[in-house]
Amino acid sequence: MRISHQAAWLWRATNDASYLNFLQTLGANDATDIFSWDNKLAGARVLLARRTLVDNDKRFESFKQQAEDFMCRIIPNSPSSSTSYTQGGLMFKLAESNLQYVTSITFLLSTYAKYMSASKYTFNCGNVRVSSSTLRNLAKQQVDYILGENPLKMSYMVGFGANFPKRIHHRGSSIPSKASHPQAFGCDNGFQSFFYTSNPNPNTLIGAIVGGPNQNDGFPDDRTDYSHSEPATYINAAIVGLLAYLAGSYSS
């Protein structure tokens, strides 16, 4: 479903109706409660819902309804919520690299909150009233958790705060630089000396966000546990716009 997001952006960039027509053939009636590198239906729907919310173009009402159905599947206490949260408050979707779903979904929450704020709009998830503040507060809660407001007081962004992952699953971070280790070693030589050691990584990959804690808010900080300790662009990329939105919202 990655092509749905591409079609939505191409339509917005070109206003070529063929992209919109194509988009309407892709999972038109499929409900979703996830947004990730390989499932972008929710992103396409949020983007197109803007035309109804901000531009008052009723032709896009169905996308607005689908976007709100997605939000209702994410929000805690919503009757249609299908999203679990850890005891510490973290959105939890899947065991491997869960923070990729947290950052991506939370980015959509903040985007829709911005549209709602611009149009002074609210909607209901059953008997639960949802405002722009509802979405923004949930987004902030998730970011605060990632940056250290959690049971372990662990920032999952490397280099941020006093307590952050020291043994991330990343070759460049776990192998010393040429300046400190000028001797050459082969691809397989780094395992015993660097990969399997319990020592902290010699290179701090500042700003990288790892896969994150498990469903019990636990984090082993183990280099061999890639599902929790590996950073990835699909985790970091989604949080950039989200952090900018929150910084702008709370500074004003």
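Above: the structure in question.
Residues numbered from 1 in each chain as written. Predicted model: local features only at pLDDT ≥ 70, side-chain atom pairs only at ≥ 80, totals over all residues. Heavy atoms only, no water.

## Concerning the overall build of the protein chain
Step number 1: The helix and strand inventory of the protein chain stands at 10 helices and 4 strands.
Step number 2: Each helix and strand of the protein chain, placed in order from N terminus to C terminus, yields the pattern α-α-α-α-β-β-α-β-β-α-α-α-α-α.
Step number 3: Here the C-alpha coordinates of the protein chain stretch approximately 65 × 40 × 35 Å along the principal axes.
Step number 4: Here the protein chain holds 252 residues, and 46% of them are scored as buried.
Step number 5: By sequence separation, contacts in the protein chain at least 24 residues apart represent 62% of the contacts at least 6 residues apart.
Step number 6: Counting every atom, the protein chain has about 12,500 Å² of accessible surface; 51% of that belongs to carbon and sulfur.
Step number 7: Counting 22 positive and 18 negative side-chain charges, the protein chain places the centres of these two groups 7 Å from one another. (Helix = DSSP H or I, 4+ residues; strand = E, 2+ residues; numbered from the N terminus. Buried < 20%, exposed > 50% of the residue type's maximum accessible area, 1.4 Å probe, protein only. Contact = heavy atoms within 4.5 Å. Areas by Shrake-Rupley, 256 points an atom, 1.4 Å probe, with all protein chains shown as cover. Lys, Arg positive; Asp, Glu negative; His and termini not counted. Charge placed at Lys NZ, Arg CZ, Asp CG, Glu CD.)

## What to know about the packing of aromatic side chains
What describes a pair of aromatic rings is the distance from one ring centre to the other and the angle between the planes of the rings.
Step number 1: Counted according to the given criterion, the structure contains 8 aromatic pairs.
Step number 2: When the ring of Phe 60 is compared with that of Phe 63, the centres are 6.2 Å apart and the planes differ by 35 degrees; the resulting orientation is tilted. Here the two residues Phe 60 and Phe 63 agree in accessibility, since each one is buried.
Step number 3: Seen in terms of ring centroids, Tyr 145 and Tyr 156 are 6.5 Å apart; in terms of plane orientation they differ by 10 degrees. Their pairing is stacked. Of this pair, Tyr 145 sits in helix H6 (residues 132-146) while Tyr 156 sits in the loop between H6 and helix H7 (171-174), placing them 11 residues apart in sequence. Tyr 156 carries the same exposure label as Tyr 145, and that label is buried.
Step number 4: Among the aromatic residues, those joined into a ring-pair cluster are Tyr 112, Tyr 115, Tyr 121 and Phe 123. (Phe/Tyr/Trp six-rings, centres within 6.5 Å; stacked < 30°, edge-to-face > 60°.)

## Quick look at the pattern of salt bridges
Step number 1: Going through the model one piece at a time under the given rule, you end up with 10 salt bridges.
Step number 2: Across the salt bridge formed by Glu 68 and Lys 64, the nearest N and O atoms sit 3.5 Å from each other. Within this pair, Glu 68 and its partner Lys 64 are both found in helix H4 (residues 61-74), separated by 4 residues, close to a single helical turn.
Step number 3: The exposure class assigned to Glu 68 is buried, which follows from its relative accessible area of 10%.
Step number 4: Of the residues examined, Lys 64 reaches a relative accessible area of 7% and is grouped as buried.
Step number 5: The shortest N-O distance in the salt bridge between Arg 167 and Asp 221 comes to 3.0 Å. Of this pair, Arg 167 sits in the loop between H6 and H7 while Asp 221 sits in the loop between helix H8 (190-195) and helix H9 (226-229); the two residues are 54 residues apart in sequence, bridging distant segments of the chain. (Salt bridge = Lys/Arg side-chain N within 4 Å of Asp/Glu carboxyl O.)

## Describing the state of the cysteines
Step number 1: The full count for this structure, using the stated rule, is 1 disulfide.
Step number 2: Residue pairing for Cys 72: its cysteine sulfur links by disulfide to Cys 125, the two sulfurs lying 2.0 Å apart. On the sign convention where negative means left-handed, the S-S torsion of about -85 degrees between Cys 72 and Cys 125 marks this disulfide as left-handed. With a gap of 53 residues between them, Cys 72 in helix H4 and Cys 125 in strand E3 (residues 123-125) connect regions that are remote in the sequence.
Step number 3: You can call Cys 72 buried: its relative accessible area is 8%. (Disulfide = S-S within 2.5 Å.)

## Brief notes about helix H3 (residues 41-53)
Step number 1: In this model, H3 (13 residues) spans 18 Å end to end at C-alpha, consistent with the 18 Å of a helix rising 1.5 Å per residue.
Step number 2: Burial analysis of H3 places 11 of its 13 residues in the buried class, which makes it a mostly covered element.
Step number 3: Among the residues making up H3, those that are buried are Leu 41, Ala 42, Gly 43, Ala 44, Arg 45, Val 46, Leu 47, Leu 48, Ala 49, Thr 52 and Leu 53.
Step number 4: Tucked into the core, H3 has its buried residues touching helix H1 (2-14), helix H2 (17-23), H4 and helix H5 (99-119). (Expected span 1.5 Å × (residues − 1).)

## Points about the layout of surface pockets
Leftover empty space is mapped by rolling, across the atoms, a probe with the size of a water molecule.
Step number 1: What the largest pocket holds in volume is close to 290 Å³.
Step number 2: Lining the largest pocket are 19 residues, and of these His 5, Phe 35, Gly 43, Phe 107 and Leu 108 lie nearest its centre.
Step number 3: Elements with a minimum of two residues in the lining of the largest pocket: H1, H3, H5 and helix H10 (233-251).
Step number 4: Sort the elements by how many residues they give to the lining of the largest pocket and H5 lands first, with 7 residues.
Step number 5: Here the lining of the largest pocket is composed, by residue class, of 11 nonpolar, 6 polar and 2 charged.
Step number 6: Approximately 150 Å³ is the volume attributed to the second largest pocket. (1 Å grid on protein atoms, 1.4 Å probe; cavity = no way out; pocket = protein on both sides within 12 Å on 5 of 7 lines; lining within 4 Å. Points joined across faces, edges and corners; volume = space filled by probe spheres on them. Nonpolar A, V, L, I, M, F, W, Y, C, P; charged D, E, K, R; others polar.)

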